[in-house]
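Overview (structure and organization)
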Amino acid sequence: MPEENELNAVELATEITIAWLGNQNNQVAADDVPAFMRSIHRTVTELSSGSDASADEQQEEEFTRAVSVRKSLASKDHIISMIDGKPYKTLRRHLSTHGLTPEEYRQRYNLKPDYPMVSETYSAKRREMAKKIGLGQKGSAARSATKASPAKGRGRKAKTA
């Protein structure tokens, strides 16, 4: 026999929906309310039964792409985010604001491991700048650069005999 203070899933979903609609910050079209109420009812039912069988299916539904992979890489000047559909020169900071690493982002949207996180033109500019200041030089190239500019210091003067 169920307890009197225990609410059923329909009543609880209704109360949550009413509270959500009563918030002045939430502006929703009337057509969206039944879908919201169904999703709340489904969630309440799953939580009350303790089953988490459809969690994987819901995760796949949650992460729909804002743009296609082809469109996200269409421009050399920017990469379009699949989270919000906005262009970025580099996605790393954008992903960190959403609590994601590049690997998690690639996994979430089923992207290849070599999917770029930086636009082509931004990468080329950084590469040129690094070459200009001499980063990445190894061996004789680095040594010849240091020999070309003599060190300024206080050395002993040679004695004249």
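Before any of the text, the structure's been laid out above.
Below is a summary of the structure that appears in this document. (Residues numbered from 1 in each chain as written. Predicted model: local features only at pLDDT ≥ 70, side-chain atom pairs only at ≥ 80, totals over all residues. Heavy atoms only, no water.)

1. A few points about the nonpolar core
Membership of the largest hydrophobic core is limited to 12 residues, which are Val67, Ile79, Ile80, Met82, Leu91, Leu95, Leu100, Tyr105, Tyr109, Leu111, Tyr115 and Met117. Setting aside residues no more than four positions away along its own chain, Ile80 makes contact with Val67, Lys71, Ser72, Gly85, Lys86, Pro87, Tyr105 and Tyr115. Grouped together as the second largest cluster of nonpolar side chains are five residues, Ala9, Phe36, Ile40 and Val44 included. (Core = buried A, V, L, I, M, F, W, Y, C linked by side-chain atoms within 4.5 Å. Buried < 20%, exposed > 50% of the residue type's maximum accessible area, 1.4 Å probe, protein only. Contact = heavy atoms within 4.5 Å.)

2. A few points about unusual backbone geometry
One non-glycine residue, Asn110, lies in the positive phi region at around 50 degrees. As for its position among the elements, Asn110 is in the loop between helix 6 (102-108) and helix 7 (120-133). (Helix = DSSP H or I, 4+ residues; strand = E, 2+ residues; numbered from the N terminus.)

3. So, the environment of Arg42
With respect to the helices, strands and loops of the structure, Arg42 is situated in helix 2 (residues 33-49). On a C-alpha basis, the gap between Arg42 and Ala13 in space is 8.7 Å, while along the polypeptide they are 29 residues apart.

4. Looking at the packing of aromatic side chains
Enumeration over the complete set of coordinates arrives at three aromatic pairs. Each ring, one from Trp20 and one from Phe36, has its centre 3.9 Å from the other, and the planes form 20 degrees; the classification is stacked. Of the two residues, Trp20 is situated in helix 1 (residues 9-22) and Phe36 in helix 2; the sequence distance between them amounts to 16 residues. Between the aromatic rings of Tyr105 and Tyr115, the centroid separation amounts to 6.4 Å while the plane-to-plane angle is 50 degrees, which identifies the pairing as tilted. With a gap of 10 residues between them, Tyr105 in helix 6 and Tyr115 in the loop between helix 6 and helix 7 connect regions that are remote in the sequence. For the residue pair Tyr105 and Tyr115, the accessibility class agrees, reading buried in each case. Connected via pairs of aromatic rings, a cluster forms that spans Tyr105, Tyr109 and Tyr115. (Phe/Tyr/Trp six-rings, centres within 6.5 Å; stacked < 30°, edge-to-face > 60°.)

Note that all results are geometric; they support no functional claim without further evidence.
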